[in-house]
Amino acid sequence: MKSTASSSASLVAESHLQTMVKGRLKAPPFFTLVVAFAVCLLVLLVSIWWFGPSFSAVLFVRDLPAELQTRTKVYLKTDAPVPDARDLNCTFHNYSCTEVHHCGYDDSTTISVYIYPLQQYFDEKGNDITPPMSREFEEILRVIAKSPYYSNNPETACVFLPSIDLLNQNFINPVNVGKILASLPWWNEGRNHILINMLPGSQTNGYLDHLGVNISKAMVAGGGFSTITYRRTFDLSIPVYNPLLEGVVLTAKPFEEERRWFLLSSQFGLHPTYKAQIEALTKADSTVMMMDQCDSQNFNYSIRCDFMGHQYNYPEVLQDSTFCLVVRGNRLGQPTFMDVLMAGCIPVVVADGYVLPFSEVLDWTRASVHIIEEHLPIVTEILKKYSPERIVDMRRQIHYFWQRYFKSLPEITMMMMQIFNDRYVPFVAKNSDEWNDLPNKAAFKSPLFLPIKAPKSSGFTVVILTFDRIDSLFQVVRQVGRVPSLAKILIIWNNQDIKPPALADWPNTGKPLKIIQTKFNRLSNRFYPYDDIQTECVLALDDDIVMLTPDEIEFGYEVWREHPDRLVGYPSRLHLWQNDTQSYSYESEWMNQISMVLTGAAFHHKYYSFMYTYGMPGDIKQWVDEHINCEDIAMNFLVTNVTGKAPIKVVPRKKFKCPECVKEMLSASSSHMVHRSACINMFIELYGGMPLKPIEFRADPLLYKDNLPGVLRKFRDLGTL
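Residues numbered from 1 in each chain as written. Predicted model: local features only at pLDDT ≥ 70, side-chain atom pairs only at ≥ 80, totals over all residues. Heavy atoms only, no water.

Per an unreviewed UniProt entry, the protein goes by the name Exostosin-2 and belongs to Elysia marginata. Listed in UniProt under the heading Pathway (unreviewed entry), the comment for the protein reads: "Protein modification; protein glycosylation." Looking at the Sequence similarities (unreviewed entry) heading of the UniProt record, one finds this comment for the protein: "Belongs to the glycosyltransferase 47 family." (UniProt positions renumbered as here; feature names shortened; annotations may be inferred.)

Next up, the structure:
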């Protein structure tokens, strides 16, 4: 096995200098020649410096298990078979590409990864065709071999890792590598094989955004995928590791501390179009800084210079800016992204279609800004819309991501293995909150001592709050009475002047019905933990929610059973930060994001009725009763603050107005939205922060949109709006 020090390191300089934008932007011919010459010279110098004086061939990697150090020589014929082209239709759930029957032999919760023994490959003429092995790939092999995932038995292995260094496309001969892969004894058209490639594409193939080798059905953990070439649930987007900053440790700045610059660009050799656009930004705003290489003749990665020739230490200078540009080069993936994360600067990614590292599980909207390339000239306008509070939150998230997932090659390697493990063993997979929430948020534990799934046998109690709308109330009772899992109907009669109808006048649903006439007209009466509620699950329902079908209600109950510590409801709302007022607003527009579900139609655990009645912070409950508003916002604050989890909206229906009830509805007032916005901001003061969590998620029944016979669909009667 050839051992060079680092095939990825020599391309770090290239990634910074060669930034001609593929396809859309083209540099002038003279500029192209000059940059190409400079890049070639620079790469050669960096390679010599990094690799050392020789490229000696060895067949030993330190600290690998003995069974991997076989030192076998393999000779491949000129007409040796090569794999088919990369199968673009592969997904994890495509069984022609993935085999899972081997997984779980050794441990039902952990995948087993077989590493092929180290071998040296020759062609028929005796020429060594083995790709050189970098220090980074040696480290990856060591980390996996020492991890719980490693297995030395290919017969029971779930996943296979060829011991062939494919990190850097520039050191790969695609034909020879194809022959090597096809010769592996367990290749099987690449099924369940992982190939790791941080720097895809090369000058000879036009800088492809994926590994330029025929790999058939193999998975690729790659560092430069675009949304076009990325096979979701199959490939994995990984960062471009920067070995030039290996060992560098920066002292983190306080998250609240002001930074010297608002926006900083520090990349080498930007394309002239992008460079001109950033220069225009610096002229228009003194808080925007652009830096470049100090001396074109002497490469020094740890120094940057501004236009005046002032020198700055790198990457330390990144800590002095709020936002840092990460602009695409020949490759979509740039090592600058890792530099920026290390420094705690908020990355502003300008690379159309780039699939961010580990985006399968990491929510990058919490820690980065992604703008399309044509918006680069107005990037400062976009960034100034971010509130100081949001910036501080993003800095915290970046610090967490860096320390947890990116700070070293072992962390990156184990992150890859964990994601693959979650795919193959989904019942132990982390959820989005576990991947993304900061430690203080991730420490939230459900206050409910419940099984994983609440039992179905007990059903739910519907608590209907009403005043005097008899017609719509009876219609609601008839509808909910048809729900199979309904255990009891509890009517909270909130009118002290008029007695409720006699029991004989109520619709006959075949379910127990009890009427409780309250002493005071209070919205909080709907959340009182009445002794008559003998089920764990409560459905809070308004007397004008006449449009929900029994199927919609039954499905909502099924979703609650899987998430008994959350609010599960139908009408949804969102809170938004407004820069002009420096406060939050309550929004009822139909959006993809939600942060609240209205308790006029929502499931919750009876425990939260106790908490609302006896454990509500401050004087929120009293304020709600006095103003006859915002009890649903208060409940959302309460549950999300306790659990750290957003509510869940179920079924696609968005319209919940009762046509004949509009004039009587509290929410019909024009000042309603203003008052509810005021509620949110007042509750924030009492809680000491904003507990609500925006989420883009909706639970729908399986196959509800498919054109199948009704007998094959459990929930058939669902509203569209």
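## Side note on the nonpolar core
In terms of nonpolar packing, the biggest core is built from 102 residues, with Val 348, Phe 358, Leu 362 and Phe 406 touching the most fellow members. Residues contacting Phe 358, with those up to four places away along its chain left out, are Leu 236, Ser 237, Ile 238, Pro 239, Trp 364, Tyr 405, Phe 406, Ile 412, Met 415, Met 416 and Ile 419. Of all hydrophobic cores here, the second largest spans 36 residues; its members include Phe 474, Ile 489, Leu 541 and Tyr 557. (Core = buried A, V, L, I, M, F, W, Y, C linked by side-chain atoms within 4.5 Å. Buried < 20%, exposed > 50% of the residue type's maximum accessible area, 1.4 Å probe, protein only. Contact = heavy atoms within 4.5 Å.)

## Considering the sheet that holds strand β6 (residues 194–197)
Across the sheet, which stays open at both edges, the three strands sit in the order β6-β7-β8 with parallel pairing between neighbours. Sheet topology places β6 and β8 (236–237) at the edges, where each strand pairs with a single neighbour. Strand direction decides the pairing type here: strand β7 (residues 219–222) and β8, joined by two bridges, are parallel. Bridge pairing links Gly 222 to Ser 237 in β8. (Pairing = 2+ DSSP bridges. Helix = DSSP H or I, 4+ residues; strand = E, 2+ residues; numbered from the N terminus.)

## Topic: the pattern of salt bridges
Across all of its chains, the model carries 29 salt bridges by this definition. The salt bridge involving Lys 693 is made with Asp 433; its shortest N-O contact spans 3.5 Å. Separated by 260 residues along the polypeptide, Lys 693 in the loop between α17 (672–687) and β26 (698–699) and Asp 433 in helix α10 (residues 432–436) bring together distant segments of the chain. Both residues of the pair, Lys 693 and Asp 433, count as buried. The partner of Asp 437 in a salt bridge is Lys 693, and the shortest N-O contact between them spans 3.2 Å. Taken as a pair, Asp 437 in the loop between α10 and α11 (439–442) and Lys 693 in the loop between α17 and β26 lie far apart in primary sequence, 256 residues in all. For the pair Asp 437 and Lys 693, a shared accessibility class is recorded, and that class is buried. Through salt bridges with shared partners, a single network forms among Asp 363, Arg 366, Asp 433, Asp 437, Arg 566 and Lys 693. (Salt bridge = Lys/Arg side-chain N within 4 Å of Asp/Glu carboxyl O.)

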